[in-house]
Structures are given as structure tokens and as C-alpha cells.
Amino acid sequence: MKIFWSSLTIATLGASASLVSQPGLAQVLQPTTTPAAIALPDYGLWQNQERQKLLNAIDHSLRYIDTNTAQADYAAVQVPGFSREKVRRSLVRFRQLVQQYPDPRQLHQAIQLEFVFYRSVGKDGMGQVDFTAYFEPAYVASPVKTNEFQYPLYRQPPGFKTWSQPHPGRVALEGRDGIPPSDSPLRGHELVWLKSRLEAYLIQVQGSARLQLTNGRTMTIGFDGSTDYEYVSLGKELINEGIFQPEELSLPKLIDYFEANPAELSNYIPRNNRFIFFRETFGSPPIGSIGVPVLAERSIATDKSIFPPGAIAFIATQLPYQRANGDWLKLPVSRYVLDQDTGSAIKGAGRVDIFLGTGPNTQTRAGLVNDPGNLYYLLLKD
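Small disclaimer: the values here were computed from a predicted structure and weren't measured.

Enquirer: How should the overall build of the protein chain be read in this particular structure?
Expert: A tally of helices and strands in the protein chain yields 12 helices and 14 strands. For the protein chain, the C-alpha radius of gyration of 21 Å lies close to 21 Å, the compact-globule estimate for 382 residues. With the principal axes as the frame, the protein chain shows a C-alpha extent of 65 × 50 × 45 Å. Across the 382 residues that make up the protein chain, the buried fraction comes to 54%. Counting contacts in the protein chain only where the partners sit at least 6 residues apart, residues at least 24 apart contribute 81% of the total. By element, 49% of the accessible surface of the protein chain is carried by carbon and sulfur atoms, the whole surface being about 15600 Å². Looking at charge distribution, the protein chain has the averaged site of its 37 positive side-chain charges lying 5 Å from that of its 36 negative ones.

Enquirer: Explanation requested: empty space enclosed by the protein in the structure shown.
Expert: Empty pockets left among the atoms are what a rolling probe the size of a water molecule brings to light. Under the counting rule described, the total for this entry stands at 2 cavities of 30 Å³ or more. By volume, the largest cavity amounts to about 70 Å³. Together, Tyr 151, Pro 152, Arg 170, Glu 174, Gly 178, Arg 197, Ala 200, Tyr 201, Gln 204 and Ile 269 line the largest cavity. For the lining of the largest cavity, the elements supplying multiple residues, two or more each, are strand S5 (151-154), helix H7 (170-174) and helix H8 (197-206). Looking at which element gives the most residues to the lining of the largest cavity, the answer is H8, with 4 residues. Classifying every residue of the lining of the largest cavity by side-chain character gives 5 nonpolar, 2 polar and 3 charged.

Enquirer: Help me understand H8, please; the structure alone is not making it clear to me.
Expert: A turn of α-helix holds 3.6 residues, and therefore any two residues three or four places apart point the same way. Most of H8 sits out of view: 9 of its 10 residues are buried. The backbone nitrogen of Leu 198 lies 3.1 Å from a side-chain oxygen of the residue at the head of H8, namely Ser 196. Where H8 ends, the next residue or the one after it, Gly 207, has phi of about 90°, a positive value.

Enquirer: Would you mind going over the packing of helix H3 (residues 43-65) against helix H5 (residues 84-100) with me for this structure?
Expert: Between two packed helices, both the angle of their axes relative to each other and the distance between the axes serve to describe the pair. Following both chains from N to C, one finds H3 and H5 inclined at 160°, their axes separated by 10 Å at the closest point. Classified by the angle between their axes, H3 and H5 sit roughly antiparallel to one another. Judged by the sense of rotation from one axis to the other, the crossing of H3 with H5 is left-handed. Along its contact with H3, which presents Arg 51, Leu 54, Leu 55, Ile 58, Asp 59, Ser 61, Leu 62 and Ile 65, the element H5 presents Arg 84, Val 87, Arg 88, Leu 91, Val 92, Phe 94, Arg 95, Val 98, Gln 99 and Gln 100. Across the contact of H3 with H5, the residue classes break down as 10 nonpolar, 3 polar and 5 charged.

Enquirer: I would appreciate a short explanation of unusual backbone geometry in the present structure.
Expert: The phi angle of most residues is negative, glycine excepted, and most peptide bonds adopt the trans form. Note that the residue after Gln 165, namely Pro 166, is joined by a cis bond; omega there is 5°. Along the polypeptide, Pro 166 turns up in the loop between S5 and H7. Look at Gln 78: it is not a glycine, yet its phi comes out positive at around 55°. Here Gln 78 lies in the loop between helix H4 (68-77) and H5.

Enquirer: What is the right way to read the packing of aromatic side chains from this model?
Expert: The geometry of an aromatic ring pair is captured by the separation of the ring centres together with the interplanar angle, meaning the angle of the planes. Within this structure, the stated rule accounts for 18 aromatic pairs. A centroid spacing of 5.9 Å and a plane angle of 75° characterise the contact between Phe 244 and Tyr 257, whose relative ring orientation is edge-to-face. Taken as a pair, Phe 244 in the loop between helix H9 (234-240) and helix H10 (251-260) and Tyr 257 in helix H10 lie far apart in primary sequence, 13 residues in all. A residue is classified by how much of its surface remains accessible, and Tyr 257, at 15% relative accessible area, is buried. An aromatic cluster is defined as three or more aromatic residues linked by ring pairs; in this entry it consists of Phe 94, Phe 115, Phe 117, Phe 314, Tyr 336 and Tyr 376.

Enquirer: Looking at this structure, I do not really get the confidence of the model for the protein chain. What am I missing?
Expert: On average, the protein chain scores 89 in pLDDT, and the residues at 70 or more come to 93%. The low-confidence segment residues 1-25, where pLDDT is below 50, has 108 contacts with residues more than four positions distant or belonging to other chains.

Enquirer: Got a minute to help me understand the pattern of salt bridges in this structure?
Expert: Should the charged atoms of two oppositely charged side chains come close, the side chains can pair. Counting across every chain of the model gives 18 salt bridges. For Arg 93, the salt bridge goes to Glu 114, with nearest N and O atoms at 2.8 Å. Taken together, the positions of Arg 93 in helix H5 and Glu 114 in helix H6 (residues 104-114) put the pair 21 residues apart, joining distant regions of the chain. The exposure class assigned to Arg 93 is partly exposed, which follows from its relative accessible area of 23%. Judged by its relative accessible area of 24%, Glu 114 is partly exposed. For Arg 210, the salt bridge goes to Glu 136, with nearest N and O atoms at 3.7 Å. In this pair, Arg 210 sits in strand S7 (residues 208-213) while Glu 136 sits in strand S3 (residues 129-136), placing the two residues 74 residues apart along the sequence. Of the residues examined, Arg 210 reaches a relative accessible area of 30% and is grouped as partly exposed. When salt bridges with common partners are traced through the structure, they connect Glu 50, Lys 53 and Arg 298 into a single cluster.

Basis of the calculations
- Residues numbered from 1 in each chain as written.
- Predicted model: local features only at pLDDT ≥ 70, side-chain atom pairs only at ≥ 80, totals over all residues.
- Heavy atoms only, no water.
- Helix = DSSP H or I, 4+ residues; strand = E, 2+ residues; numbered from the N terminus.
- Rg over C-alpha atoms; globule rule 2.2 N^0.38 Å.
- Buried < 20%, exposed > 50% of the residue type's maximum accessible area, 1.4 Å probe, protein only.
- Contact = heavy atoms within 4.5 Å.
- Areas by Shrake-Rupley, 256 points an atom, 1.4 Å probe, with all protein chains shown as cover.
- Lys, Arg positive; Asp, Glu negative; His and termini not counted.
- Charge placed at Lys NZ, Arg CZ, Asp CG, Glu CD.
- 1 Å grid on protein atoms, 1.4 Å probe; cavity = no way out; pocket = protein on both sides within 12 Å on 5 of 7 lines; lining within 4 Å.
- Points joined across faces, edges and corners; volume = space filled by probe spheres on them.
- Nonpolar A, V, L, I, M, F, W, Y, C, P; charged D, E, K, R; others polar.
- Polar contact = N/O pair within 3.5 Å; in protein donor to acceptor, adjacent residues only side chain to side chain.
- Axes fitted to C-alpha atoms, helices over the stretch in contact; angles between N-to-C directions.
- Parallel < 35°, antiparallel > 145°, perpendicular 65-115°, else oblique.
- Left-handed = near helix turned anticlockwise from the far one by under 90°.
- Phe/Tyr/Trp six-rings, centres within 6.5 Å; stacked < 30°, edge-to-face > 60°.
- pLDDT = per-residue confidence, 0-100.
- Salt bridge = Lys/Arg side-chain N within 4 Å of Asp/Glu carboxyl O.

So this is what it looks like as C-alpha cells:
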């Protein structure tokens, strides 16, 4: 299963999401000097957990790169210099170096000797990339409709692939208030019910969720198709109407706004006609667009029409970390990641979405990410 549309993020909420003038493929990645030494906010975390997580992420990309899907993907994308075989050899050698050097700074020095770094030209042609983050929601849900749980998520209806286009809009499918009209083709295909319409909508935006059911069972669900419409951002709509300024909007603020003004959901949600269907995944972790699990802070989503799927990348930006008193502090991070996902709002050479994991605290953290940075891809030297 492939998740093609997985990220809410601040950029989909309203920040710029693509190049003004998209450069040709040969111009998107430029060989450059090696970026500054790797920085980790928690050095001990690398030694205890992050190193193994990076190895797991590399293994996921290696599993993908040897598939027929990868062969077709690379034939379609054709990023100059990034052949599937060269990416595969780079992954193999990179994994050997990660195993050989337990110290991240020593690892970075070793990689500089054997790899070429290719910098994305970014949204401005000068390397600036907008970083945001996405997450797997974790909410309470009910397997049956009740007075408390009234907002459903839906299975893909039988015959959906034969629906005529244009597809029905969101109002025709789920009603302006989130309750489907009597003639909706979705009736009878409810998967679970949520307490909050906004929670149900956020799951649609993220493309997957981990749900604690009221009967005590945990259910995981994942993307299973969508109607054929472009995504319209709630946050961008709020900005366009002057409710927020672009620099002040975050996911927590968006949630606070709709919790204080719930009637406004019926005004804004129907503007996004892209409707997502789900299937139960029986405990599977979130799956990226290349068909492998995405791992917190080691998997990124980019525009797969211009960047090499499954490849090794290096990012430099900021991420929020929570202090003991509950406040959030942004710290600089630079780290190796794997490019394993995409999203409908992730367009152009100037956008990266970082997967941050699962749960309510992660939702808050992901919603705070809206920062500039740099993106590099790595290839083994000839």
C-alpha cells in the first residue's frame, strides 16, 4: 500500500510549497562542498537508539531499491546521476560505514571521504528549503456510532475505481456538517467513528492513524485511495481570510481556533474536496509512498517527481524539543535521513516533510515545525 498524501504540516497549512519557477531536473541537485559536521541535540540518544533506527531505515530503502517498483520509479524520475544501481551501491556502503563508526561525528568525517553531497537548489535557487513535519495521529475511536462518536472514517466503496469524473465533492460525500446525506455513496462503508470532526479530518490529512477503540482493541488504519481533487489547505484558507498571519500559524493554533469556533469547520473543511478512504492495516507501522515503513526523524517526504526515491539525504534545519516545564525549544539539527515518502502539498525543490512518529505529543511537536534549512543527497564517489 502506498500513501501518496500523508502530511498536514505547516506548509500545507499555508507556507510556500513550491518553486515559483520549477528548474529542470538537471538543475535541481548540484554537487557542493560537504555540509558542516553533524549535530545532535542528544548525543547519548544516538548511541542508544538513533544509530539502530538509521540502520533500519537504510534496510527499508534497500528492500525497496531491489523491487520492480523501484525500477519503474527510477525510469520515470530520471534524476541525473542518480541511477537505481548507483543509489543501491551508495546505500550498501553507507550502511557499512554506519556500522563501522558508532560516533556520529566520526561517521560524518568518513562519509565526506567517500561520498559526494548534492544540494537541492531550494525554492529560491539558492538552497533554501522549507521544512515541516508530519505524524501518525493517535485518537480514541468507536467501532460503532454512538451519541459521543458521530464522525466516521470510510472504507473505499465498492466500485469506486469506476466512478465517473469529476468525482463527487466533499459535501456530496459527507455533508457540510460531517454527517453524510441519505444519498451519499459512502453510507454503509463506515470503518470507525471519532468524537471530533476535526480529528477525523486530521486523520484524512495524515493518511494513517493508530486508534484506541472503545472496546479495548487497538486498530491501525492506512490510506486506501482518494477522490481526484487537489488538496486545499485549511490553514491557507484561514490565512487568506486574515484569521492568521503566515508566520504565526501552527497546527496547535489551528486546532485551538476550531475548538473555540467549531461551527467554522462547516465553512472551511468543505473547501477541500480531496476525500481519503482507509483500510485496517492490522498493526502495520505508517507506510511511505515507496511502500516501506517510515521511521521517526529518519524518514522524509519530498517531491518524487524530482528527487530520487529511497536515497540517502542529509538535512540541516531546526526541530522543537520539550523542556521539563512543558515549554518547547527549537534546536538546530543536522542528520542523515532516507527519502521514503511524498505528499500532495510537498511540491518542488524547496519542500521537505519530516516524519516525527505517533501520538498526541508528536502531533503538537510536528505542528510547530515550520523552518528553513538545507537538503542534500548523497552518492558514492566513482
